[in-house]
Amino acid sequence: MDDTTPKEAAKTTTATAGDTTTTTDKEDPFSKEYDNCIVGAGLSGSVIAENYATHLGQTSLIIEKRTHIGGNCYDYTDTETGIRVSLFGAHLFHTRHERVWEYVQRFSEWVPYEHQVLGIVNGKHVPIPVTIDTVNTLFDEKIESTEEMDEWLKKEQVTFYDEDGEEREAENSEEVALMRVGQRLYDLMFKPYTFKQWAKYPAELGPEVLSRIPVRNNHDGRYFSDPHQALPKDGYTAIFDKMLSSPKITVVTNTDYFEVRDKLKCKRLYYTGPVDSYFADLGWPKLEYRSLSFERVVKDNTPGYFQPASVVNHPQATDVDGKEVDFTRIVEYKHLLNQTSDKTIYFIERSKDGGEPYYPVPNDENKNLYKRYQEMAEKEEGVTFVGRLANYKYFNMDDAILNALELFDKDTKDMKTATG
């Protein structure tokens, strides 16, 4: 599948899934009985199916609404440039979980890669997350040591107090940023970028949004600090091909679960789709998500690069000339795995409402609404809700894998292994 465009890959993925899972055009996959039915061929569903096949010899039918496997991790080789790109934005694997790291080794050779992000602020490229170099560049400081950086941050940081005059924790993402970096960096980077990403200011979002972004008191420009950071040598789609290659696993793509649910014959169901879609018949409000759009740009006669890093964020609403900047970042995939081509390709990302659900919007209204859906999910017999959409929670790739592995452990603790 590596040498196809997204449209072509959809056809190939369906055929490949059929070939590797013994499903052919002459067979009706819904005529069979399965141990497990799994809605979604992304990380959560694929990990669960693979574990049932490998450890218990159980059969699984995966129903995937999209025309390809792999969920948002899906990648392919762009035919015009020969460069491998991701259809749904850059995916950089990193983990501190040894179990996850050992698990993914089974499906790919991994190339060490430590991700570094730059941002254009006031016309200058600066490291993101904030480091000594970020501060020195933006404010003409000459900080050299962690002690000096700590002292600079201490002068900038804002403290919040409760009614009794005691220091309190941050109640929203604006307070998180002010407590960590102070007003100036907040106004330059955090506030405008958050509004572009979420269409809400940090004060309107829960503290978890900006709590995920590190602040460094040294020169470490790596975006992540996990001990394991790498990229799959042959891309992510190849991982899913191998993960789902067991004859115990049948994959049906381009199929809406809700249109075939009455045909399913399985002992248990794992659902990885949006939880509000599952309970749409209740007529409740839908949970709020932010989505992304990707503008594809190819530059001919470019043996080098368009920009100095694979990912360059554009946090500010305008550039140095006052021109509006309506996008959040530009991703140039040629940087990843040191790919070569006489052209380059990059994607301009914009955040938007509607479209594929990417990021749950963590405010009180959505959190309270999700609790109502969660109560219904817990009462749904024979169905397990797993993954970011079903749990209305953002997962990094490694967290999604770990969550699925631990769920498999829990659900099968009393079952015999395939060899046992």
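The numbering scheme is per chain: residues are counted from 1 as the chain's sequence reads. A pLDDT threshold of at least 70 governs which residues receive local features in this predicted model, and a stricter bar of 80 or more applies before side-chain atom pairs are shown or counted, although totals over entire chains, interfaces and linings include all residues. Side-chain numbers here rest on the full set of heavy atoms in the structure, without hydrogens or water.

**Examining the pairing of strand β12 (residues 289-299)**
Working step 1: Two strands form a pair only when DSSP identifies at least two bridges running between them. Only DSSP runs of H or I with at least four residues qualify as helices, and only runs of E with at least two residues qualify as strands; both kinds are numbered from the N terminus onward. Of the strand pairs in this sheet, β12 and strand β16 (residues 359-360) are connected by two bridges, and their pairing is antiparallel. Of the residues in β16, the one forming a bridge with Y289 is P360.

**Quick notes on the packing of aromatic side chains**
The relative placement of two aromatic rings is captured by the distance of their centres and the angle of their planes.
Working step 1: Aromatic rings from Phe, Tyr and Trp, taking only the six-membered ring of Trp, are treated as a pair when their centres fall within 6.5 Å; an angle between ring planes under 30 degrees marks them as stacked, one over 60 as edge-to-face, and anything in between as tilted. Within this structure, the stated rule accounts for 29 aromatic pairs.
Working step 2: Taking 4.9 Å as the distance between ring centres and 70° as the angle between the ring planes, the aromatic pair formed by Y278 and F279 counts as edge-to-face.
Working step 3: Each residue is assigned to one of three classes by its accessible area relative to the maximum for its type, calculated with a 1.4 Å probe on protein chains only: buried under 20%, partly exposed between the two thresholds, exposed over 50%. Owing to a relative accessible area of 7%, F279 belongs among the buried residues under this scheme.
Working step 4: By the ring-pair criterion, three or more aromatic residues cluster together here, those being Y257, F258, Y271, Y278, F279 and F385.
Working step 5: Either the NZ atom of lysine or the CZ atom of arginine qualifies as a charge over a ring when it sits within 6 Å of the ring centre and within 35 degrees of the ring normal. Of note, R66 hangs over the ring of F88, and the distance from its end group to the ring centre comes to 4.1 Å.
Working step 6: Seen from the ring of Y201, K191 lies directly overhead, with NZ or CZ sitting 5.4 Å from the centre.

**Side note on the nonpolar core**
Working step 1: We define the nonpolar core as a collection of buried residues of types Ala, Val, Leu, Ile, Met, Phe, Trp, Tyr and Cys that are connected through side-chain atoms lying within 4.5 Å of one another. Core analysis: the largest hydrophobic core is formed by 111 residues, its most contacted members being F93, L185, M189, F385 and I401.
Working step 2: The contact criterion used throughout is that any non-hydrogen atoms of two residues lie within 4.5 Å. Those residues within four positions of F93 in sequence are excluded, and the remaining contacts are V100, W101, V104, W110, H228, Q229, A230, L231, Y236, M397, D398 and I401.
Working step 3: Among the nonpolar cores identified, the runner-up in size contains six residues, and V325, I330, Y346 and I348 belong to it.

**A word on the sheet that holds strand β6 (residues 110-112)**
Working step 1: Across the sheet, three strands lie side by side as β5-β9-β6; this open sheet has antiparallel pairing. Looking at strand neighbours, the two that pair on one side only are β5 (93-95) and β6, the edges of this open sheet. This sheet shows a mean twist of 40° between the axes of neighbouring strands, independent of strand direction.
Working step 2: Where β5 meets strand β9 (residues 228-232), three bridges bridge the pair, whose relative direction is antiparallel. Among the inter-strand pairings, T95 is bridged to a residue of β9, identified as H228. Axis lines are fitted through C-alpha atoms, for helices just across the contact stretch, and the angle between N-to-C directions can take any value from 0 to 180 degrees.

**Quick notes on the packing of helix α4 (residues 132-139) against helix α5 (residues 146-156)**
Working step 1: The N-to-C vectors of α4 and α5 enclose an angle of 60°; their axes lie 11 Å apart at closest approach. Comparing their axes, α5 and α4 come out oblique. Here α4 and α5 pass one another in a crossing that is left-handed. Listed contacts from α5 to I132, V135 and F139 of α4 are T146, M149 and W152. In these notes the angle categories are as follows: under 35 degrees is roughly parallel, over 145 is roughly antiparallel, 65 to 115 is roughly perpendicular, and the rest is oblique. It is the rotation of the near helix from the far one that decides the hand of a crossing: anticlockwise by less than a right angle makes it left-handed, clockwise makes it right-handed.

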